[in-house]
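# Tertiary structure, described
Chain residues, written in single-letter form:
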Amino acid sequence: MSDKDSNWRFADDVVVESEVIVRARQQSLELGIDPIAPSTGAQVAVVVAATRAENVVEIGTGVGVSGLWLLTGGTEAHLTSIDVEVEHQQHARAFFTEAGIPSNRVRLIPGRALEVLPRMNENSYDIVFIDADPQSVIEYVEHGLRLVRPGGTVLVARALWRGRVADPAARDEVATGFRTLITETSASGAVISALSPAGEGLLQITKLAP
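We now turn to the structure provided with this report. Treat the numbers as computed from the prediction; the structure is a model and nothing was measured.

In this structure, the largest pocket occupies an estimated 600 Å³ of space. Elements with a contribution of two residues or more to the lining of the largest pocket: α4 (65-73), β2 (78-83) and α6 (113-116). The class makeup of the residues in the lining of the largest pocket is 14 nonpolar, nine polar and nine charged. Roughly 210 Å³ of volume is contained in the second largest pocket. Taken together, I138, V141, E142, L145, L181, E184, T185, S188, A190, V191, K207 and L208 form the lining of the second largest pocket. Among the secondary structure elements, those contributing two or more residues to the lining of the second largest pocket are α7 (137-147) and α8 (173-187). Counted by class, the lining of the second largest pocket contains seven nonpolar, two polar and three charged residues.

Our focus in this paragraph is empty space enclosed by the protein. A full pass over the atoms with the stated rule returns one cavity of 30 Å³ or more. Roughly 60 Å³ of internal volume is contained in the largest cavity. In terms of lining, the largest cavity is formed by I130, D131, A132, D133, P134, V137, Y140, V156, A157, R158, W161 and F178. Elements with a minimum of two residues in the lining of the largest cavity: α7 and β5 (148-157).

This structure, assessed with the given rule, holds one aromatic pair. With centroids separated by 6.0 Å and ring planes inclined at 20°, the aromatic side chains of W161 and F178 adopt a geometry described as stacked. Within this pair, whereas W161 is found in the loop between β5 and α8, its partner F178 is found in helix α8, the two being separated by 17 residues in sequence. We classify W161 as buried; its relative accessible area is 12%.

Among the ten residues of β5, seven are classified as buried, and the element is accordingly described as predominantly covered. For strand β4 (residues 125-130) and β5, the ladder comprises five bridges, and the chain directions are parallel. Its bridge partner lying in β5, F129 is registered against L155. In this fold, the crossover linking β4 to β5 by way of α7 has right-handed handedness. One ladder, built from five bridges, connects β5 with strand β7 (residues 202-207); its direction is antiparallel. Across the sheet, V156 pairs through a bridge with L203, a residue of β7.

In this section: the packing of α7 against α8. α8 packs onto α7 with a crossing angle of 35° between their chain directions and a minimal axis gap of 9 Å. Side by side, α7 and α8 meet where V137, I138 and V141 of the first sit next to G177, F178, T180 and L181 of the second.

On to the sheet that holds strand β1 (residues 55-59), then. The strand order across the open sheet formed by seven strands is β3-β2-β1-β4-β5-β7-β6, and the pairing between neighbours is mixed. Each edge of the sheet is formed by a strand with only one pairing partner; in this case those strands are β3 (106-110) and β6 (191-196). Across this sheet, the average inter-strand angle for adjacent strands is 15°, counted without regard to direction. One ladder, built from four bridges, connects β1 with β4; its direction is parallel. Paired with V57 across the bridge in β4 is V128. Taken strand by strand, helix α3 (residues 38-51) contacts β4, β5, β6 and β7, and its axis lies near 170° from that of β4. In the packing of α4 onto the sheet, contacts are made with β1, β2, β3 and β4, and the angle to β1 comes to roughly 165°.

Calculation criteria
- Residues numbered from 1 in each chain as written.
- Predicted model: local features only at pLDDT ≥ 70, side-chain atom pairs only at ≥ 80, totals over all residues.
- Heavy atoms only, no water.
- 1 Å grid on protein atoms, 1.4 Å probe; cavity = no way out; pocket = protein on both sides within 12 Å on 5 of 7 lines; lining within 4 Å.
- Points joined across faces, edges and corners; volume = space filled by probe spheres on them.
- Helix = DSSP H or I, 4+ residues; strand = E, 2+ residues; numbered from the N terminus.
- Nonpolar A, V, L, I, M, F, W, Y, C, P; charged D, E, K, R; others polar.
- Phe/Tyr/Trp six-rings, centres within 6.5 Å; stacked < 30°, edge-to-face > 60°.
- Buried < 20%, exposed > 50% of the residue type's maximum accessible area, 1.4 Å probe, protein only.
- Pairing = 2+ DSSP bridges.
- Right-handed = clockwise from strand over helix to strand, strands pointing away.
- Axes fitted to C-alpha atoms, helices over the stretch in contact; angles between N-to-C directions.
- Contact = heavy atoms within 4.5 Å.

Function cannot be inferred from these measures alone, as they are strictly geometric.
Okay, here's the thing in C-alpha cells:
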C-alpha cells in the first residue's frame, strides 16, 4: 500500500460515525448504493458547522448517510434533499427519525434534480451538496451556484472519481467532466475553490459577493 493510500485509509478510519449513520451506511451497501466515505462526511459536517448553515440542499438522498452528516454539522439547519428513488428516500426518512431529527427540518423531494432545481429560489441557501449522477455534475454545480447566497458553498463529492481525474490519460466522460469542473472553478474569479483528496475527493466552491 502506498503512503497516499495509507493516508486515505487513516482519514476514513479515524472518523467516528454515529450508530444511526453506521446503520444507514450498511443499508446503503445492502441496496447497492455507494455512500460517501466517512472522511467526506466529516469534512462536509465541518463546512456546514463553520458556515452556520440554516438552509441546505442535497442532490442525491440515497438512504440518508450524507444527509445525516450534513445535519450533524447543522444542528438547527433545514435540509431539502432531492432523489429520483422514492424507496431510498423512505429509508432516509426512517433514519432521520431514528436520529431524532424533527420532520419539519427535512424536506424530501422525489424527482429528477435537473427538473426540480430550476424551480428553486436563487441566492437562498447556505450549502448545496452534490452526490448524484456524475454525468450531470457540471449542470448540478451551475444550479448550485445559482441557489447559494454570496458566501455560500457548493460541495461536490467524488470529485477525484475513482482516482481517474488526476490521470490525464483517463478521457472518459465522467473523468473529463470532473477535471473540467475543477480547473474551471480554480480559474474563476467568481468563486474560491479547494479540492480535498479525502475519500474520493471533495471539491468545495464558495460563491463570492459580486
